[in-house]
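# Fold and contact review
Below, each chain spelled out in residue letters.
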Amino acid sequence: MNDYGFVRVGAAMPKVSVGNPALNAEEIIKAARELASEAVAVAVFPELSVTGYTCADLFGEQFLADRSEAAVEDIVKASASLDCLLVVGTPVRHAGRLFNCAAVIARGKLLGLVPKTYLPGNGEFYEPRWFESARVLPAEGVYLSYAGAKDVLMGVHQLFRVGKALVGVEICQDLWSPVPPSTWAALAGAQIIVNLSASNEILLKHEYRRQLVQATSSRLFAAYVYCSCGYGESTQDLVWAGSSLIAEYGSILSEAKRFELGGTSIISDIDIEKLDTLRVKEHHFGFEGDKPKFAIVQTGVEALTDYGKLELRRYVEPHPFVPQGDKEALGERCREILATQVAGLVTRLDHIHCRRAVIGISGGLDSTLALLVTVLAFDKLGIPRENILSVTMPGFGTTGRTYNNACTLCRELGTELREISIVPAVREHFANLGHDENIHDLTYENSQARERTQILMDLAGKVGGIVIGTGDLSELALGWCTYNGDHMSMYGVNVSVPKTLVKTLVCWASDRHFSDSEALRTTLRDIVDTPISPELLPKAEDGSIAQITEDVVGPYELHDFFLYHFFRFGYDPEKIFFLAKTAFGGTYPDPVIKKWLQVFLKRFYTQQFKRSCLPDGPKVGSVSLSPRGDWRMPSDIASPFKFE
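Residues numbered from 1 in each chain as written. Predicted model: local features only at pLDDT ≥ 70, side-chain atom pairs only at ≥ 80, totals over all residues. Heavy atoms only, no water.

### Regarding the overall build of the chain
Per the secondary structure count, the chain includes 19 helices and 20 strands. Of all 644 residues assigned to the chain, the portion counted as buried reaches 56%. Excluding contacts between residues fewer than 6 apart, the proportion of contacts in the chain whose partners are at least 24 apart in sequence is 74%. Carbon and sulfur atoms make up 50% of the accessible area of the chain, which amounts to about 26900 Å² in all. On the chain, the mean spot of the 64 positive side-chain charges and the mean spot of the 78 negative ones are 2 Å from each other. (Helix = DSSP H or I, 4+ residues; strand = E, 2+ residues; numbered from the N terminus. Buried < 20%, exposed > 50% of the residue type's maximum accessible area, 1.4 Å probe, protein only. Contact = heavy atoms within 4.5 Å. Areas by Shrake-Rupley, 256 points an atom, 1.4 Å probe, with all protein chains shown as cover. Lys, Arg positive; Asp, Glu negative; His and termini not counted. Charge placed at Lys NZ, Arg CZ, Asp CG, Glu CD.)

### Observations concerning unusual backbone geometry
Of note, A39 is a non-glycine position whose phi angle comes to about 70 degrees, a positive value. Looking at the element boundaries, A39 is found in the loop between α1 (21-37) and β2 (42-44). Even without being a glycine, A147 presents a positive backbone phi close to 55 degrees. Judged by relative accessible area, A147 falls into the buried class, the value being 4%.

### Overview of the packing of aromatic side chains
Across all of its chains, the model carries 29 aromatic pairs by this definition. Summarising the aromatic geometry, the rings of F6 and Y307 are spaced 5.6 Å apart at their centres and angled 70 degrees between planes, so their arrangement reads as edge-to-face. Highlighted residues: F6 in strand β1 (residues 6-13) and Y307 in the loop between β15 (295-298) and α7 (327-351), separated in sequence by 301 residues. Of the two residues, F6 and Y307, neither departs from the other in class, the shared state being buried. (Phe/Tyr/Trp six-rings, centres within 6.5 Å; stacked < 30°, edge-to-face > 60°.)

### Here's the deal with the state of the cysteines
Counting across every chain of the model gives zero disulfides. Here C101 stays free of any disulfide, with the sulfur of C172 as its closest cysteine sulfur at 15 Å. According to the relative accessible area criterion, C101 is buried, its value standing at 1%. Free of any disulfide, C481 has its nearest neighbouring cysteine sulfur in C613, separated by 9.2 Å. Owing to a relative accessible area of 13%, C481 belongs among the buried residues under this scheme. (Disulfide = S-S within 2.5 Å.)

### A closer look at the packing of helix α17 (residues 573-584) against helix α18 (residues 590-606)
Put simply, α17 and α18 touch, their axes get as near as 10 Å, and they point 135 degrees apart. Considered as vectors, α17 and α18 are oriented oblique to each other. α17 and α18 meet at a crossing whose hand is right-handed. Contacts from P573, I576, F577, A580, K581 and F584 of α17 reach α18 at D590, I593, K594, L597 and L601. Across the contact of α17 with α18, the residue classes tally to eight nonpolar, no polar and three charged. (Axes fitted to C-alpha atoms, helices over the stretch in contact; angles between N-to-C directions. Parallel < 35°, antiparallel > 145°, perpendicular 65-115°, else oblique. Left-handed = near helix turned anticlockwise from the far one by under 90°. Nonpolar A, V, L, I, M, F, W, Y, C, P; charged D, E, K, R; others polar.)

### Considering empty space enclosed by the protein
The full count for this structure, using the stated rule, is two cavities of 30 Å³ or more. Counted as a void, the largest cavity has a volume near 130 Å³. Taken together, 15 residues line the largest cavity, and the ones lying closest to its centre are G471, L476, D486, H487 and L614. Partitioning the lining of the largest cavity into residue classes produces five nonpolar, six polar and four charged. What the second largest cavity holds in volume is close to 40 Å³. Forming the boundary of the second largest cavity are P14, K15, V16, N24, E27, I28, P46 and S49. A class-by-class count of the residues in the lining of the second largest cavity yields four nonpolar, two polar and two charged. (1 Å grid on protein atoms, 1.4 Å probe; cavity = no way out; pocket = protein on both sides within 12 Å on 5 of 7 lines; lining within 4 Å. Points joined across faces, edges and corners; volume = space filled by probe spheres on them.)

### Considering the pairing of strand β6 (residues 142-146)
Burial along β6 is one-sided: V142, L144 and Y146 are buried, while Y143 and S145, pointing the other way, are not. Summarising the sheet, β6 and strand β7 (residues 149-154) pair through four bridges and their orientation is antiparallel. Residue pairing for β7: Y146 is matched across the bridge by A149. The turn linking β6 back onto β7 is made up of two residues, and A147 within it adopts a positive phi angle of 55 degrees. (Pairing = 2+ DSSP bridges.)

### Describing the sheet that holds strand β13 (residues 251-255)
Strand order across the open sheet formed by seven strands is β13-β12-β11-β10-β9-β8-β15, with mixed pairing between neighbours. The strands lining the two open edges of the sheet, one partner per strand, are β13 and β15. On average, each strand axis in the sheet is tilted by 25 degrees relative to the strand beside it, whichever way the strands run. When strand β8 (residues 158-162) meets β15, the two strands line up parallel, connected through four bridges. When the bridges of β15 are listed, F160 appears paired with V297. Sheet strands touched by helix α5 (residues 205-219): β11 (223-228), β12 (245-248) and β13. Its angle to β12, the strand with the most contacts, is close to 35 degrees.

### Thoughts on the sheet that holds strand β17 (residues 388-392)
Here we have five strands laid out as an open sheet, ordered β18-β17-β16-β19-β20, and parallel in their pairing. The strands lining the two open edges of the sheet, one partner per strand, are β18 (416-419) and β20 (491-492). Its contacts with the sheet place helix α11 (residues 442-463) against β16 (357-360), β17, β18 and β19 (466-469), and it is angled at close to 160 degrees to β16.

### Focus on helix α9 (residues 400-413)
With 14 residues, α9 extends 20 Å from end C-alpha to end C-alpha; this agrees with the ideal 20 Å at 1.5 Å per step. Of the residues making up α9, those classed as buried are T402, N405, A406, C407, L409, C410 and L413. Buried residues in α9 make contact with α8 (365-381), β17, β18 and α14 (518-529). (Expected span 1.5 Å × (residues − 1).)

### Topic: α18
If you check α18, its first and last C-alpha atoms are 25 Å apart, about what 17 residues at 1.5 Å a residue would give, namely 24 Å. Looking at the buried positions of α18, the neighbouring elements they touch are α12 (473-478), α15 (549-552), α16 (556-569), α17 and α19 (608-611).

### A closer look at the side chain of K610
Topologically, K610 is positioned in helix α19. The charged side chain of K610 is buried without a salt bridge, its nearest counter-charge being D486 at 7.6 Å. At 2.7 Å, the side chain of K610 and the backbone oxygen of C481 are in polar contact. With residues near it in sequence (within four places) discarded, K610 still touches G479, C481, Y483 and H487. (Salt bridge = Lys/Arg side-chain N within 4 Å of Asp/Glu carboxyl O. Polar contact = N/O pair within 3.5 Å; in protein donor to acceptor, adjacent residues only side chain to side chain.)

### Comments concerning the pairing of strand β5 (residues 109-115)
The side chains of a regular strand alternate between the sheet's two faces. Burial within β5 is extensive, with six of its seven residues counted as buried. As defined by bridge partners, strand β4 (residues 97-106) adjoins β5 across six bridges and the pair is classed as antiparallel. Within β5, the position partnered with A106 by the bridge is K109. The hairpin turn running from β4 into β5, its antiparallel successor, is two residues long, and R107 in that turn takes a positive phi close to 55 degrees.

Written out as structure tokens, the structure is:
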């Protein structure tokens, strides 16, 4: 069994019978059993779900208090057979005061009561009329007897251990306050925050609530389970839609369909390992001053889920580097990425008072994106595009398709185009080395790459410009570049742009930035459709590309996926393989994914020496392999992984 660091959580919104705790307890137990049958380890219910939130002045009646306590006792008894932590909302009387509480229940025990701190008393809300804030209690809380249990702690500063996770609790308005209780809970170690809520629907409130949950989960490096009441609450003045959300580090994993009849629920798997890794990496996650001490309560819930048998209840994005969303959102992200690349180059050119650039154009994706960035940078600086010296350097493997695309691209963009064949110089080099041209080995390939770089460097010196690097992040991760060849430049604009994103940016630019010329647009689209190749081996008999990069090192979409999860979250190969199977199960068979993951790990560890001396270039996303920035690793390190 392998849980891969996940904990399954759920938010349930049972049908409510206002003022009828016994009936509500039946619905809660029914929903709890359904969630437990789905291997949910933490099940959250709405605020005051035992009574209904809209009881109003009935909260002051003794009979409602007695019946709600009896209903909680029924829920506690029913939980004995469930391997699940239940968090339900109930009013609790203590010392002549009434508190809006979350009752935390597991394995037939009432483990604790967490009272609400911030009580809304404006607009449509009247909670101070009935309830007291947790702030009237001692900081360490109080012990009381409730629902058949003795010495139950009622206090805000409690965390509940579920498997590898710590769970913190807050209630509705607590989230909307300037300093929510969840802040302290997260700093005390809680990776999962649950919020029992009764949040009504008014125009635009749901979008704000959604943003608040996302932002809070991101700020706290945590998961946030927000469970709001729905069908059955009184609609005398307000409407309740069951607006429940599960978020993790800024991403919405699951969201309830609002305005449903009857009871509903949502489920998702929380990646505790990911959250812990992010907290370790982010050194600002902490607080140096005095902070409250939290009691850690052992729940007895192990949260073990065998993902060899169960489907992962969260979406795994196959292309994590590629902007997602609708056309407008995609456009905004692509515009932002290009603007960052352009700003980096503009600043460098302006700083060194340079008005010329030299760039090698192959007709492939990387050099195309680099040229587009350079053109936009020159436009922004008011420098004529003719000051960009675009050089196409045909070799033994250059095909008519890539050659023609390179030439058309430069002409349509209005840059200076120069053609310099590398064949004569490389053949002379072979002769000097005593190398047989018919032996297509590493010497054969690298000699061509280094000749091209020499031409570009010397041309830059001749015209007083800088060489713009074209290599991308995926090639750097794999070391798929020639040391001191295409590996080297004076400023690499694509250095933190992975291959899958390069393709997306070129597609987007063809439709938006450079759509005036049909010839240019057609050329850009054909470049996107051209198989990726360094074209260092002789072309096929029919003139097509014979050397396909992805046939040799593997699909870039897989390698980008591996890189993202390896770099961002430090996952071990077993977990990366599991996630890749989930993301690409319908595209690649498991043995193929495993094969290329082994290739990725081997190449990543053996090719660090190329990354240790990278030229300058802008960081544009969350992953950068610059030795001056995000990634430092010994070049002679041995790989710790033996992936079988």
